[in-house]
Each structure stands twice: as structure tokens, then as C-alpha cells.
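Next come the chains, spelled out residue by residue.
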Amino acid sequence: MQSPVEIVQHSGGVIGVSWLMIALPLLGAAILLLGGRRTDRWGHLLGVAMSLAAFVVAVVSFVEILGLPESERRRGIELYQFIPGVADMGLLIDPLSISFALLITGVGSLIHIYSIGYMSHDPDRRRFFAYLNLFVAAMLLLVLADNYVALFVGWEGVGLASYLLIGFWQFKPTAAAAAKKAFIVNRVGDFGLLIAIFTVWTTFGSVAFGDLSGATVSGAIGSGAASQGTITAIGLLLLLGACGKSAQLPLQSWLLDAMEGPTPVSALIHAATMVTAGVYLVVRSGAFFEAAPTAQLVVTIVGVATLLAGAIIGCAKDDIKKGLAGSTMSQIGYMMLGAGLGPVGYAFAIAHLITHGFFKANMFLGAGSVMHAMNDEVDMRRYGGLFSVMKVTAVTFIIGYLAIIGFPLLSGYFTKDGIIETAMEHNQILGWLAVVGAGITGFYMSRMIFMTFFGKKRWADDAHPHESPSVMTVPLVILSIGSIFLGAFLILDNRFMKFLAPAVGAPEELPAFHFVSTAGLATLALVAVGAAFAWFRYGAAEVPQVAPRGSFLTTFARRDLYGDALNETLFMRPGQWLARIAVFVDNRGIDGLVNGLAATIGGTSGRLRRVQTGYVRSYALSILFGAAVVVGALLYVGNM
Amino acid sequence: MTTHYLVLSALLFAIGGAGVLVRRNAIVVFMCVELMLNACNLAFVTFARQHGNLDGQLIAFFVMVVAAAEVVIGLAIIVMIFRTRRSASVDDANLLKY
């Protein structure tokens with residue numbers, strides 16, 4: 001077992017100014033938001049330029065990292081001493097964070113470019129690019145931070161950007177509601193993360209990743225400074241945070257609604273980058289999870305449960321974006337499963353995360369291109385036969401499709417297989433469930449392909465599909481090239497595992513990739529069965545334009561496995577009842593007390609003022625009476 | 001020895017008080033107030049005599065001065081009310097009430 005290496009303080013070079021990666025997109029967002037309409041004409045170009053500039057910094061930093069010996073590849077950059085020695089703010093450039101930075105800025109830049117075309121008819125395009133830049137900056141802060149607190153700032157920043165972008169078309173009530181839902185569900189996870197950070201601080205006195213190595217954690221358990229229970233609690237709370245951000249069970253409900261946002265947003269935030277932040281968190285906190293086997297087991301269970309749930313949901317959705325969202329949930333489930341399996345799993349999880357970032361962004365942008373051509377129609381039952389009219393989109397989409405179902409030698413084949421085989425070695429049940437998930441993936445993705453690009457035309461009468469402009473197709477082509485080759489490049493020869501080893505550790509004996517194995521063959525067989533079934537149902541047979549009622553199982557999947565119904569029954573309705581009771585107590589109880597007191601005083605006064613008759617003699621009489629009382633009292637006191 | 005004076009003073013005070021309470025004419029009410037003040041004066045003077053010092057007589061002079069000032073202002077008010085309302089009845093001047 002090879003542990004992560006120590007962090008080396010760094011100065012100079014491009015790594016020394018790697019904060020520019022965060023600062024440039026942030027500057028872009030500030031200019032676009034503060035500049036207002038004056039920046040409308042060139043705003044999108046500035047957004048793209050800032051994202052590309054961050055990508056350049058990331059690439060050069062990556063090259064510099066590669067030039068260093070392996071034991072010095074974790075570079076710490078000190079930015080600001082908030083309370084010297086106690087709360088320092090810095091960046092950590094290591095193989096893990098730079099991999100993410102490359103994915104975020106690389107795929108992010110492609111999506112920025114694509115958005116120029118996709119949002120060209122939107123009057124608010126500048127604001128859209130401002131938010132995209134804000135997102136890129138926050139996401140980079142999340143992955144580059146060298147401590148949990150700064151990570152949390154980025155964590156909330158991406159949540160904000162996600163909220164703003166889901167609700168970008170806020171004139172649509174569904175979009176506004178979806179944005180709020182995403183924000184609120186994420187808040188639940190954020191509480192978990194916050195409490196985890198507090199616990200880490202009180203237990204270890206530091207929140208910097210450098211001070212929280214595996215040796216520190218096991219040392220603290222050994223010396224009694226931290227109980228095993230505390231470490232498990234930290235792990236579970238971190239997992240809760242990860243579940244919120246990564247739409248894992250039980251906090252998955254927001255992701256499907258998040259598809260209300262513009263499609264590039266779905267591709268960038270809700271497929272390629274932000275939703276994978278939970279996986280990053282689990283891998284980055286490996287020190288805690290490796291010391292808490294219970295928490296690790298829960299991570300794998302959550303992963304498997306979500307990968308099955310997402311796949312089942314994906315099977316029943318007619319909305320192309322929601323189908324892809326279910327698939328995203330499912331694929332992140334695979335990553336979570338990998339992240340719960342220790343250092344071998346980390347490398348496969350992150351590799352799958354990166355290849356998924358490519359092929360899923362590819363398919364989302366492809367779906368956007370289809371929607372663009374079909375007057376924003378999202379119902380796959382109104383598509384069909386699009387292959388002949390939009391060849392580039394169709395071919396790139398099919399490459400993404402082959403990658404995600406694990407077609408041999410494409411990206412998904414290597415990374416997903418890696419996760420399944422590692423899971424199989426770890427626990428047979430988890431492994432076989434993951435294989436079943438892969439089979440379902442084969443079904444629902446094939447269904448999507450057959451319904452969209454093949455079969456009879458079921459278009460709306462006013463639809464005149466056409467291929468999208470090259471500003472949209474070029475990113476698709478680049479992403480699909482990545483979808484083909486990236487997996488083989490990362491996995492073969494354990495290239496990525498060796499690269500990540502200084503940051504997350506690695507097993508003593510690196511696993512060899514088996515092209516022929518039981519799990520691999522079983523996966524391929526199930527995927528083939530799924531695809532054949534999909535062909536039988538949606539390729540060969542006629543697809544009705546209106547969804548048939550379907551069986552109980554179909555309804556179950558269409559209703560997102562009753563996740564919303566469950567949340568409504570368990571949380572929303574009791575909450576509403578609580579609010580109603582509070583309103584009742586307020587209106588009748590507290591208001592009654594206050595108003596009753598006021599009414600009593602008012603009524604009494606109204607009766608008492610009748611004493612003021614205006615007749616002098618009655619006043620004179622009361623004076624006389626008063627004087628008599630005073631005299632009487634004086635006499636009484638004097639005689640005592 | 002001074003009992004008769006005190007009885008007289010009490011009688012005068014009671015007559016004055018009753019007059020203030022039952023009469024309606026402002027002038028008569030006013031005169032009754034004067035009667036009460038003078039009943040007090042009589043008591044003061046009587047006690048001065050009884051105790052053999054001048055304190056009571058001194059106070060009686062103060063009361064007279066105050067009574068004179070009060071007559072000036074009081075009569076002026078009554079005249080003003082009479083001019084505006086054509087009535088000197090205290091029951092007619094009852095606007096200041098609930």
C-alpha cells in the first residue's frame with residue numbers, strides 16, 4: 001500500500017500563479033455582471049476567452065507537475081494567512097486536483113463555445129455567460145482548495161451558480177421551482193458537510209488536507225484523541241454532503257428537475273462537473289474513509305443503490321434530457337461505488353468521472369443540438385428518423401452512446417469495467433448488481449438512440465430539423481474523440497492510477513486490465529441483451545406518439561421511483577402541517593392574547609370615561625368626597 | 001371658650017359646600033366658594049387666638065389675597081362665558097366631557 005506523499009510548498013512557475021485559474025473566470029463574471037448591457041455585444045466572447053485562459057493555465061500547470069519527480073508532485077501554494085498558523089488559505093495543485101481542473105476548464109471551454117451558438121437567440125446571453133464563468137471559478141476553487149473551509153466556499157459557489165442557471169429562464173414557473181428545489185435539497189447535504197468540517201476541526205485542530213493524512217487519522221485513533229465512532233461519523237457526514245451535490249440516494253430528487261435549465265448547463269454542471277464534486281469529496285477525504293470501514297461500506301451501498309435507481313428511471317423517461325439525467329445519476333453511482341473501494345477504486349472512479357464528463361457532455365450537447373433543430377421539443381416520442389437530417393450530431397451522439405454502454409475499446413468500456421471488476425473482488429453482491437446496472441444502461445441508452453435517430457418520423461407538423469452550426473458541432477466532435485480514446489489512454493498500463501498515486505495512494509500491486517474476464521463478459525452479454533430488447537421494443541416496433549399507460553413498473557420509474565412522493569409525504573406535508581399549526585397558534589393564541597388585552601383595556605376605558613360628565617358639581621362632589629377620605633384617613637392614622 | 005367660633009366656622013363651611021354642590025348659577029357658586037374660604041379664615045383666626053400666636057392670622061391674610069386674585073380671574077371667566085353663551089348656569093358649560 002503506497003500512501004499519498006507530503007505536500008511541498010511551491011513558488012514560481014505557472015503553478016505559482018495557478019490562482020489565475022480561479023481569478024480569470026471570476027473576473028469575467030464580474031465584468032459581465034457589473035458591466036450590464038454595455039457588454040452585450042462581446043460578453044460571450046469574453047466568457048469564452050476567460051474559460052480558455054483558465055484552461056491554458058491548467059494545461060501548463062499540468063505539464064509542470066509532470067516534470068516533477070513523483071514524490072514532489074503535491075504542490076501547496078500559500079495565498080493568504082487569515083489567522084497565521086490557524087486558518088491559512090492556499091491552493092493544492094496535485095495530480096487529483098489538476099485532473100479535475102483540466103476536465104472543468106477543458107470541457108467547460110467547449111461548452112462555452114457551444115453555448116455561443118445554442119444561446120444565440122436568447123436576449124440574455126451575456127448574463128448566461130456571466131453565470132457560466134462564475135460556475136467555472138467556483139468549481140475550480142472547490143477542487144484546488146487546500147482545506148475544507150475553502151472547499152466549502154467553492155462548494156456553495158457552484159450551488160449558487162447551479163441555482164442561477166437552472167432558473168435561468170425564470171419566467172417559466174417550472175424552472176424557478178426546479179432551481180429552488182435544487183438549492184433546498186443541496187442545503188440538506190451542505191449541513192452534513194458543514195458538521196463534518198466542524199467535527200474535523202474540533203477533533204484534529206486543522207482543516208487543511210496536508211494535516212489530515214491517513215497516518216494522522218490512524219494515529220489519532222491509536223492515541224485515543226479520536227474515537228473510531230467519530231471518524232465513522234465524519235465519513236458519513238461527508239457522504240451526506242456528497243449525496244446532496246452528486247444527486248445520490250436519498251438526495252437524488254433535484255437532478256431530474258434541474259433539466260429545466262438550458263441544455264449547456266445540464267451538460268456542464270449537471271453531467272460533467274458539479275455533480276461529480278461529491279465523488280471528489282469522498283476521494284479527497286480518503287484518509288477518513290480508509291480508517292472507517294463502515295462509512296466506506298455505506299458509500300458503496302449508496303453508489304450501487306443509486307446506479308440501479310438512476311438506470312431504472314432512465315428506462316421510462318420520454319424527455320430526452322431527463323433520460324440522460326437518470327443516466328447521469330446512475331453513472332455517478334458507479335463512481336461512488338468506486339470511491340468506496342479504496343485506492344484502486346479511486347483511480348477507476350476518477351477515470352470514469354473524466355471519461356463520463358466527456359461522453360455525457362457530448363450526449364447532452366447532442367441532445368441540445370437535436371432540441372435546437374426541433375423547436376425545443378424534448379419528447380423523444382416526437383423525434384424519430386433524425387439520423388439522415390443531422391449526421392454530425394447523430395454520429396457524435398452514437399459515439400457517446402457506445403462509450404457509455406461500454407462498447408469494447410471505447411472509453412466507458414475501460415473505466416466502467418475497472419469499477420465493476422474492483423467491486424467484484426471486494427464484494428460479489430455489489431459487483432453483480434453493478435453488472436445488472438450496466439445491462440439496464442444498455443437498454444435505456446439504446447432506447448434513446450432508436451427513438452431519436454431511427455425509426456419513423458413522428459415530428460410535430462411545424463418541425464423542420466436541420467444540422468446545427470459548426471460552433472455547436474465542433475465541440476461535439478472534439479468531445480466524441482475524447483469519448484473514444486480517453487478511457488484506453490487512462491486505464492491501459494495503469495497510467496492514471498500511477499499518475500494519481502502521489503495524491504490518493506495506490507495499492508502495492510497494480511491491477512492488470514483483463515480484456516477477457518467473467519465480469520467483463522457478463523457485462524457485455526447483459527448490455528447486448530438490453531440493447532436487443534430496446535431494438536425489439538423501440539427500433540423494430542412502432543413507437544406511439546403518446547406514451548401508453550404502461551405497467552406498474554413503468555409508472556414507478558416514470559414517477560422517479562416515487563422519490564418526490566416520498567419527500568412530500570415525509571417532509572413536505574408534515575412541514576406544511578407544522579406551518580399551519582404555527583399559523584393557527586399565532587392567529588388565535590398569540591394574536592388573541594394581544595388583541596384581547598387591548599380590547600379589554602379599550603372597553604374598560606370606554607366605560608370608565610362616562611364618569612367625565614362635564615358637570616362641575618359632580619367634579620366638586622368627587623373633590624369633596626376625596627377630601628373627606630383624606631381627612632378621615634389622617635384622623636384614623638393620628639388616633640392609632 | 002372658642003368652641004362657638006369653630007362651630008360657626010363649620011356651619012359656614014357646610015353652607016358654602018352645599019351651595020357649591022347644588023346651585024347652578026355660577027355667580028352664586030362663586031359666592032359659596034368665598035363663603036367656604038372665609039369659614040376657613042374664621043377657623044384660622046380662632047386657632048390663633050386659642051394658641052396665642054400670630055401664625056393663624058398670617059395665614060388668614062394669605063387666604064384673603066388668594067381669594068381676591070381668584071375673584072378677579074373667576075369673575076372674568078364667568079363674564080366671558082356669559083357673553084358667549086348667554087347663560088351663567090354651570091350646567092350649560094358642560095362641553096368638556098367624554
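Calculation criteria
Starting from 1, residues in each chain are numbered consecutively following that chain's sequence as written. To read the labels, note that chains go from A and ligands from 1, taken in the order they are written. Selection of residues for local features in this predicted model requires a pLDDT of at least 70, selection of side-chain atom pairs for listing and counting requires 80 or more, and totals for whole chains, interfaces and linings are taken over all residues. Computation of side-chain values covers all heavy atoms of the structure but excludes hydrogens and water. UniProt positions are given in the numbering used here, feature names are shortened, and annotations may be inferred rather than shown by experiment. Runs of E in the DSSP output that reach at least two residues are strands. Runs of H or I that reach at least four are helices, and both are numbered from the N terminus. Residue ranges assigned to each domain were obtained from an automatic or database domain assignment. The contact criterion used is simple: two residues touch if any of their non-hydrogen atoms lie within 4.5 Å. What counts as buried area is the accessible surface, traced by a 1.4 Å probe, that two parts surrender upon association, with contributions from both included. When a carboxyl oxygen of Asp or Glu is within 4 Å of a side-chain nitrogen of Lys or Arg, the pair counts as a salt bridge. Polar contacts, as counted here, are pairs of nitrogen or oxygen atoms within 3.5 Å of one another; within protein the pair requires one atom able to donate a hydrogen and one able to accept it, and residues that are adjacent in sequence qualify only if both atoms are side-chain atoms. Residue exposure (1.4 Å probe, protein chains only): buried if accessible area is under 20% of the type maximum, exposed if over 50%, otherwise partly exposed. Expected helix span is taken as 1.5 Å per residue step, with the number of steps being one fewer than the number of residues. We treat Lys and Arg as the positive residues and Asp and Glu as the negative residues; His and chain ends play no part in the count.

An unreviewed UniProt entry lists chain B under the name NADH-quinone oxidoreductase subunit K, with Streptosporangium minutum as the source organism. UniProt, in its Catalytic activity (unreviewed entry) section for chain B, records the words "a quinone + NADH + 5 H(+)(in) = a quinol + NAD(+) + 4 H(+)(out)".

Chain A appears in an unreviewed UniProt entry as NADH dehydrogenase subunit L from Streptosporangium canum.

(A) The arrangement of the UniProt feature "domain: NADH:quinone oxidoreductase/Mrp antiporter transmembrane" (unreviewed entry) in chain A in detail. Feature annotation in UniProt places "domain: NADH:quinone oxidoreductase/Mrp antiporter transmembrane" (unreviewed entry) on residues 145–441 of chain A, given in this structure's numbering. Here residues 145–441 of chain A is 77% helix and 0% strand, with 35 Å between the C-alpha atoms at its ends.

(B) Fine view of the domain arrangement of chain A. Residues and elements named next belong to chain A. Considered domain by domain, chain A is made up of domain 1 (7–146), domain 2 (170–558) and domain 3 (569–639). Between the C-alpha centres of domain 1 and domain 2 the distance comes to 23 Å. Taken together, the contact between domain 1 and domain 2 spans 39 residues of the former and 44 residues of the latter. Between domain 1 and domain 2 the total buried area reaches about 3,400 Å² when both faces are included, carbon and sulfur atoms providing 79% of it. One can count 1 salt bridge joining domain 1 with domain 2. The partner of D94 in a salt bridge is R284, with the nearest N and O atoms 2.9 Å apart. The interface formed by domain 1 and domain 2 holds 6 residue pairs in polar contact (both at pLDDT 80 or more) in total. Mapped by element, the contributors of at least two residues to the side of domain 1 that touches domain 2 are α3 (43–66), α4 (95–118) and α5 (125–144). It is α4 that contributes the most residues to the side of domain 1 that touches domain 2, 18 residues altogether.

(C) The interface of chain B and chain A, seen in detail. Contacts between the two partners involve 9 residues from chain B and, on the opposite side, 12 residues from chain A. Counting the surface lost from both chain B and chain A, the interface buries some 1,000 Å², and carbon and sulfur atoms represent 62% of this. On the chain B side of the interface with chain A, the three residues burying the most area are L21(B), D91(B) and Y98(B), jointly 59% of the side's total. In this structure, the connection of chain B to chain A is made through 1 salt bridge. One salt bridge connects D91(B) with R617(A), and the closest N-O pair in it is separated by 2.6 Å.

(D) Broad picture of the pattern of salt bridges. Residues and elements named next belong to chain A. In the structure shown here, the tally under the stated rule is 15 salt bridges over all chains. Notably, a salt bridge pairs D94 with R74, separated by 3.2 Å at the nearest N-O pair. In this pair, D94 sits in the loop between β3 (87–93) and α4 while R74 sits in the loop between α3 and β2 (75–83), placing the two residues 20 residues apart along the sequence. Each of the two residues, D94 as well as R74, counts as buried. Ionic pairing is found between R573 and E568, a salt bridge with its closest N-O pair at 3.4 Å. In this structure R573 comes out as partly exposed when scored by relative accessible area, which is 41%.

(E) Molecular detail of helix α6 (residues 148–166) of chain A. A rise of 1.5 Å per residue sets the reference length of α6(A), with its 19 residues, at 27 Å; its end C-alpha atoms lie 26 Å apart and thus fit the reference within 8%. At the N-terminal end of α6(A), a side-chain oxygen is found 3.0 Å from the backbone nitrogen of V149(A), two or three residues along, and the residue is N147(A).

(F) Spatial organisation of the side chain of K321(A). Residue and element names in this part refer to chain A. Within the secondary structure, K321 sits in helix α15 (residues 320–339). Within the buried core, K321 has no salt-bridge partner, and the shortest N-O distance to an opposite charge, that of D319, equals 6.9 Å. Excluding its chain neighbours within four sequence positions, the residues that come into contact with K321 are M259, G261, P262, T263, S266, F364 and M371.

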